[in-house]
Amino acid sequence: MTARSHWNGVRMRTVQAAADPDDTPRTVTLPADWDDTAAEALARLTPGHRPIDLTHEAARWIDDLCAGDTAGPAIEPVARSLSCLLLLRQAAPTEALWHGRFDRRPGFIVNLAAFVHPDIGFRADDFVAALRLLARVLRAIAQQKAALRNGELPLGDPAPTPATMPDDMAGTRTMVAGEILLTNLDACLAGLGLDYNSEGGRDAACSLVALATLVAHAGEGADALPLPPVRSVVPGVNQIARTVWQDAAVETERPMARVETGFSAPGPIDALLGVEACGLAPAFSPLRPDGRLATSTLARLACRGLTLEAAFAATLAGDVVLPLPDASSHQSMYRALAGFIDRMPPRPDCVRDTLQTRALLERGVRRPLPPRHGGFTQKASVGGHRLYLRTGEYEDGTLGEISITPTRESPMTRGLMDSLGQAVSIGLQYGAPLETYIEAFAYSHFGPAGTVEGDAVASYATSMLDYAFRALSDAYLGRRLPDAPHEDSMIPTPSPMLPLDLPAREHAAQGHMAKGHPANGHSGGDNDETPPPRRGRLRLVV
């Protein structure tokens, strides 16, 4: 593959990674400065059990895209530029384009934070050059693979490409060539010294998003372009935005395939690029999955002139050094960017508190707990039977693990309780809502049951599971469930018994019926004296 030669001289390392913690690890080769999260994302992008080499995987889709782009020596610069964008973790194709599925809309994901330099600031020239290259590749794909689109073009004859579209059709129809999805906005603002929940942060975000949309809509005319923001707090963006707008406002004679802009959703491509928060969402935790401080956190501390020791001391003193953004700040950013981009993600919900909102997970992706995590241990008793309820929490305070341990029950009971806790924990880590488990297990009825001691969340429980999941509802959902109606005595379930173990009256009735007497044990005479029934005994016969 030609594109593999572009990785010559790049220092690589080999690690063991798997797409899921339960899978068998595979050998993954990637650049030495990339973290293990990127190795896990690469394992998710490459199905199977074979070893994975990033240079081989990247060369496959780069050579495929550049094969029919242009003839002659122009292929080499495009392939080299795409390789450099991936190596610098600035841009990568969407998952469909990575696997060569041209029946779906192609696209690229652009990491905004990767264009921020600590000394220079935002490199707007490099950003515009990268966007123009990606738009050119998407339009080339639209010309070559238009007949493979599924669900976007009418069936029958292939749709005319922009280069061959008749003049009478030029103004009535514009084909969408692909999409450019922006991501990691919060880390980009942090590198520029701006807070996500601030006027300056929203102004900078509008400038960068409008600049991307101007480049993507080049050649469509002034009516199809968004107006650039009046002012921008990002140095160098104002001048280049005006230049890009003047170039893009010139309408071409034949309309080019349209490139739309949007924001990315959680997926393996974002993890491959080292994204902290997908799309326009803020980073709700200052820590990385491995427990270390995130890059955006270090950037914000540096902008405030705080060392790690000073920030730690201020936190111990009770000061809030870095206030975390909430859902209302996310919604404010959403409203600010709505007029500068083609497609917006679903509107964030600001009704529920951000710390109580669990991050949505892609189906089939597990979110393991960090090695060191918070939680609580509750000791209680139900009907005189003692148990321990333990929980594990993520950095944002949401529940990710439970354990229910009865102390004096049989080994089978303890094993079943432990297995149930593991099953619920795995479901929570895969994104199953806690409300579903509470609806399923609260008020479950089996012994032991009775008065609850040691926890004020309940005074009576119909089972250990009833108490445990009602306690979880109170702790993590803020909803205290009432007690079920009391039952003073637990009536044991009848079980099959031997004839010798039958109740006394029933045993006597069976004996008298065998002798011809009525079932009530009396023959009807006044002088009939029935001997008292005797309980059978077992004898040991040698």
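All figures in this text were calculated on a predicted structure; none of them were measured in a lab.

Moving on, we come to helix H11 (residues 295–303). Buried residues of H11: Ser296, Thr297, Ala299, Arg300 and Leu301, and no others. Those residues of H11 hidden inside the fold are in contact with helix H7 (185–191) and helix H12 (308–316). Two residues or fewer past H11, Gly305 is found with a positive phi of approximately 70°.

For the structure shown, the criterion picks out 17 salt bridges. The partner of Glu57 in a salt bridge is Arg60, with the nearest N and O atoms 3.2 Å apart. Linking Glu57 with Arg60, this pair stays in helix H2 (residues 54–66), spanning 3 residues, or about one helical turn. What makes Glu57 buried here is its relative accessible area of 3%. Salt-bridge contacts for Asp466 lead to Arg470; the nearest nitrogen and oxygen are separated by 3.1 Å. Taken together, the residues Asp466 and Arg470, both in helix H16 (residues 464–477) and 4 residues apart, mark about one turn of the helix.

This next bit is on the confidence of the model for the protein. Per-residue confidence for the protein gives a mean pLDDT of 78; residues scoring 70 or more make up 75%. Averaged over each element, pLDDT in the protein is lowest for helix H6 (residues 167–170) (40) and highest for strand E5 (residues 107–111) (95). Overall, residues 153–173 carries pLDDT values under 50, and its contacts beyond four positions in sequence, including any with other chains, amount to 25 contacts. When the criterion is pLDDT under 50, residues 352–361 qualifies, and its contacts beyond four places in sequence or with other chains add up to 25 contacts.

Once that is clear, we can look at the sheet that holds strand E12 (residues 399–406). Read across the sheet, 5 strands follow the order E12-E11-E10-E13-E14 without closing on themselves; strand pairing throughout is antiparallel. Two strands close off the open sheet at either side, each with one partner strand: E12 and strand E14 (460–461).

Here the focus is the packing of helix H8 (residues 199–216) against helix H13 (residues 327–337). Between H8 and H13, the least distance of the axes is 9 Å, while the angle of their chain directions is 40°. Considering the angle they form, H8 stands oblique to H13. Between H8 and H13 the crossing geometry is right-handed. Across the interface between the two elements, Gly201, Arg202, Ala205, Cys206 and Val209 from H8 touch Ser332, Met333, Ala336 and Leu337 from H13. Looking at side-chain class alone, the contact of H8 with H13 contains 6 nonpolar, 2 polar and 1 charged residues.

Turning our attention to empty space enclosed by the protein. The tally for this structure, following the rule as stated, stands at 2 cavities of 30 Å³ or more. The calculated volume of the second largest cavity comes to roughly 30 Å³. Every residue along the wall of the second largest cavity is listed here: Trp61, Leu82, Leu85, Ala91, Ala92, Pro93, Phe108 and Leu134. When residues of the lining of the second largest cavity are traced back to their parent elements, those giving at least two are helix H3 (75–87) and strand E4 (91–93). When residues of the lining of the second largest cavity are assigned to their parent elements, the largest contribution, 3 residues, is made by E4. Residues of the lining of the second largest cavity, tallied by class, amount to 8 nonpolar, no polar and no charged.

The next point concerns the side chain of Thr29. Locating Thr29 in the fold gives a position in strand E2 (residues 26–31). A distance of 3.3 Å separates a polar atom in the side chain of Thr29 from a polar atom in the side chain of Thr14. Dropping the residues within four chain positions of it, Thr29 is found in contact with Met12, Arg13, Thr14, Leu42, Ile52, Asp53 and Leu54.

Residues Leu287, Leu293, Leu298 and Leu308 make up a contiguous nonpolar surface patch of roughly 310 Å² in combined accessible area. Looking at where Leu287 falls in the secondary structure, it is placed in the loop between helix H10 (268–272) and H11.

Here we come to unusual backbone geometry. Cis geometry is found at the peptide bond from Gly447 to Pro448, where omega equals 0°. You can see Pro448 is positioned in the loop between helix H15 (434–441) and strand E13 (450–453). A positive phi angle, close to 60°, is found at Arg89, a residue other than glycine. On the secondary structure map, Arg89 appears in the loop between H3 and E4. According to the relative accessible area criterion, Arg89 is buried, its value standing at 12%. Unlike most non-glycine residues, Asn184 shows phi in positive territory, near 60°. Structurally, Asn184 is set in the loop between strand E8 (176–183) and H7. Of the residues examined, Asn184 reaches a relative accessible area of 3% and is grouped as buried.

With that out of the way, let us pick up the sheet that holds strand E9 (residues 258–263). The sheet built from 4 strands is open, its strands ordered E4-E5-E8-E9 with mixed pairing. Only two strands of the sheet have a single neighbouring strand rather than two, namely E4 and E9. The average angle at which neighbouring strand axes cross in this sheet is 25°, direction not considered. As paired elements, E8 and E9 share 6 bridges and run parallel to each other. The residue bridging Val176 from the neighbouring strand is Arg258, located in E9.

What counts as what
- Residues numbered from 1 in each chain as written.
- Predicted model: local features only at pLDDT ≥ 70, side-chain atom pairs only at ≥ 80, totals over all residues.
- Heavy atoms only, no water.
- Buried < 20%, exposed > 50% of the residue type's maximum accessible area, 1.4 Å probe, protein only.
- Helix = DSSP H or I, 4+ residues; strand = E, 2+ residues; numbered from the N terminus.
- Contact = heavy atoms within 4.5 Å.
- Salt bridge = Lys/Arg side-chain N within 4 Å of Asp/Glu carboxyl O.
- pLDDT = per-residue confidence, 0-100.
- Pairing = 2+ DSSP bridges.
- Axes fitted to C-alpha atoms, helices over the stretch in contact; angles between N-to-C directions.
- Parallel < 35°, antiparallel > 145°, perpendicular 65-115°, else oblique.
- Left-handed = near helix turned anticlockwise from the far one by under 90°.
- Nonpolar A, V, L, I, M, F, W, Y, C, P; charged D, E, K, R; others polar.
- 1 Å grid on protein atoms, 1.4 Å probe; cavity = no way out; pocket = protein on both sides within 12 Å on 5 of 7 lines; lining within 4 Å.
- Points joined across faces, edges and corners; volume = space filled by probe spheres on them.
- Polar contact = N/O pair within 3.5 Å; in protein donor to acceptor, adjacent residues only side chain to side chain.
- Patch = residues over 30% accessible without salt bridge, like charges linked within 9 Å, V, L, I, M, F, W, Y side chains within 5 Å.
- Areas by Shrake-Rupley, 256 points an atom, 1.4 Å probe, with all protein chains shown as cover.

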